[in-house]
Amino acid sequence: MAKSLVIAYVLWFFGGWFGLHHFYLRRDRHAFIWWSTCGGVFGIGWLRDLCQLPEYVRDVNEDKDYMEELTARMRKAGPKYSTWRFGGEMVMGILLGCLVHSALPEELTADGSPYQKIVLLLCPLGVAIGIHLVGNVGREMASFKVAVVTAYLTYPVFFNLNGITYSTLFSAIAVNWKGRSWRRSKRKSGLCRRISILGLCGTLYLILWGSTLYYNSYVTTKDGEVVKLRDAVQNFFKSPAWAETKQTFKDLYAFYQIHGFGRIWEQIVESMDPQGESNARRVLGLTDSATQEEITSACRKLSRQWHPDKQKDHKAKKAAQEKFIEIRKSCDVLSDISIKRSERNKSRSQTKDRTEF
């Protein structure tokens with residue numbers, strides 16, 4: 001069934017940033033690139049499509065005159081160099097290379113880590129996939145072998161985030177020099193297969209972003225304390241906020257009615273108990289208003305009560321040991337928070353005194 005230029009423009013206007021017009025025209029790689037880069041790098045490619053759509057429609061419909069022109073170009077020489085395609089290869093190569101790098105836990109990629117060089121070797125693979133993806137849009141093909149070999153040969157020279165940029169540059173140059181050819185015929189896949197492949201690629205892409213946020217993102221508490229998101233999430237599932245989810249939502253709604261949206265994020269972060277303070281107080285049987293003296297007293301009392309050496313039975317001793325470890329961790333959490341707050345308050349007080357002076 002022939003594709004309509006009018007429908008293509010309608011889809012371009014209403015869903016172009018998600019690549020709907022490219023999906024309609026059976027340009028699935030193009031559609032994925034537009035979806036993953038917000039319309040071809042925040043709308044730049046989307047605007048260019050305004051002029052390119054007539055050619056895309058002629059291509060998918062295999063218009064007689066268009067195919068004759070294309071055949072003549074194929075017989076004459078290989079694909080011409082395109083600045084747009086080269087720029088797209090650079091963008092997708094750097095994007096996927098950096099995304100793979102940032103999706104890995106910081107402790108694995110940090111300097112001195114015994115796994116650093118092993119895990120960072122995944123980055124050139126992301127670079128090669130990004131270049132290969134753009135290079136295979138439309139009637140052209142790009143050699144994945146050239147892309148991946150060049151990426152792996154050049155990345156170890158730099159071996160950092162800058163290395164991803166240089167690796168992408170050299171790999172894209174190599175592909176445009178020796179790795180490009182014409183696609184003589186297009187393989188036509190069914191709708192279900194196309195949706196499945198795009199869905200799988202989209203899922204993997206979102207997993208990389210999710211891993212990036214989980215392992216290497218931070219949240220800031222009301223006290224200005226920076227906490228890793230993964231620690232905040234783990235503490236949240238131990239916090240009273242999770243155990244009392246329904247009440248938490250009611251409290252958030254009440255807070256919103258009083259303060260509006262302006263401070264709602266601050267309250268959400270606080271309810272997640274990112275530092276584990278509320279959970280630590282719960283373990284020690286203390287309220288939020290407990291003083292430092294009460295916290296110290298509870299730590300000493302519970303540590304003596306649950307010390308494993310007081311238990312003779314093996315099962316009881318094991319249970320006491322787990323409880324004792326939980327108590328000590330809670331005491332350590334509250335102690336660290338108390339020390340940081342004291343230092344922060346002291347710093348603020350000194351700053352205030354200097355300002356007044």
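In case you missed it, the structure is sitting above this.
Every chain's residues receive numbers from 1 upward, in the order its sequence appears when written. In keeping with the model being predicted, local features are shown solely for residues with a pLDDT of at least 70 and side-chain atom pairs are shown and tallied solely at 80 or more, while totals for entire chains, interfaces and linings include all residues. Side-chain measures were taken over the full set of non-hydrogen atoms in the model, leaving aside hydrogen atoms and water.

Observations concerning the overall build of the chain
To be explicit about the condition: Helix and strand definitions here come from DSSP, where helices need a minimum of 4 consecutive H or I residues and strands a minimum of 2 consecutive E residues; each element is numbered from the N-terminal end. When a residue's accessible area, from a 1.4 Å probe over protein chains only, is under 20% of the maximum for its type it is buried; when over 50% it is exposed; and in between it is partly exposed. It only takes one pair of heavy atoms within 4.5 Å for two residues to be counted as in contact. Residue-level accessible areas treat just the shown protein chains as cover; the underlying method is Shrake-Rupley with a 1.4 Å probe.
The number of helices and strands found in the chain is 20 helices and four strands. Overall, the C-alpha framework of the chain stretches about 90 × 60 × 50 Å when taken along its three principal axes. Here the chain holds 357 residues, and the buried ones make up 39% of them. Of all intrachain contacts in the chain linking residues separated by at least 6 positions in sequence, the fraction that spans at least 24 positions is 66%. Here the chain has roughly 21,900 Å² of accessible surface; of this, 61% comes from carbon and sulfur atoms.

Examining the state of the cysteines
When the sulfur atoms of two cysteines share a covalent bond, that bond is a disulfide. Here is the rule we go by: When the sulfur atoms of two cysteines come within 2.5 Å, that pair is taken as a disulfide.
As enumerated under the stated definition, the model contains one disulfide in all. The disulfide that involves Cys299 links it to Cys331, with 2.2 Å between the sulfurs. Disulfide Cys299 to Cys331: torsion about the S-S bond roughly -120°, handedness left-handed. With Cys299 in helix 19 (residues 292-305) and Cys331 in helix 20 (residues 314-356), this residue pair connects regions lying 32 residues apart in the sequence. In terms of burial, Cys299 and Cys331 fall into one category: buried. Note on Cys201: no disulfide assigned, nearest cysteine sulfur contributed by Cys192 at a separation of 16 Å. For Cys201, a relative accessible area of 33% puts it in the partly exposed group.

Notes on the pattern of salt bridges
Test applied: Any Lys or Arg side-chain nitrogen found within 4 Å of a carboxyl oxygen on Asp or Glu counts as a salt bridge.
For the structure on display, the rule yields 12 salt bridges. Two residues, Glu106 and Lys228, come together in a salt bridge whose shortest N-O distance is 4.0 Å. Here Glu106, found in helix 8 (residues 106-109), pairs with Lys228, found in strand 4 (residues 226-228); they are 122 residues apart in sequence, far enough to count as distant. What makes Glu106 partly exposed here is its relative accessible area of 30%. The class for Lys228 is partly exposed, based on a relative accessible area of 22%. Here Glu277 ties to Arg341 by a salt bridge, and the two come within 2.8 Å at their closest N and O atoms. Here Glu277 is found in helix 18 (residues 277-283), whereas its partner Arg341 is found in helix 20, with 64 residues between them in sequence. By relative accessible area, which is 12% here, Glu277 ends up buried.

Some points on helix 13 (residues 191-216)
Worth spelling out the cut-off: Multiply 1.5 Å by the residue count of a helix minus one, and that product is the helix's expected span.
Taking 1.5 Å per residue as the helical rise, helix 13 with its 26 residues ought to reach 38 Å, and the 37 Å between its terminal C-alpha atoms agrees with that figure. Burial in helix 13 covers these residues: Arg194, Gly202, Tyr205, Ser211, Thr212 and Asn216. Next to the buried residues of helix 13 lie helix 2 (20-24), helix 3 (28-36), helix 7 (83-103), helix 8 and strand 3 (218-220).

Structural notes on the nonpolar core
Using the following cut-off: Nonpolar cores were defined as sets of buried Ala, Val, Leu, Ile, Met, Phe, Trp, Tyr and Cys residues, with membership established by side-chain atoms within 4.5 Å.
Counting residues in hydrophobic clusters, the biggest one holds 19 residues, and the most contacted among them are Ala8, Leu25, Ile33, Leu53, Met92, Leu133 and Tyr205. Sorting the residues of this core by element identifies helix 1 (5-15), helix 3, helix 5 (44-60), helix 7 and helix 10 (123-135) as the ones contributing at least two each. Once residues lying within four places of it in the same chain are set aside, the contact partners of Leu53 are Leu5, Ala8, Tyr9, Trp12, His21 and Leu25. Among the nonpolar cores identified, the runner-up in size contains 17 residues, and Cys123, Val127, Ala151 and Ile164 belong to it.

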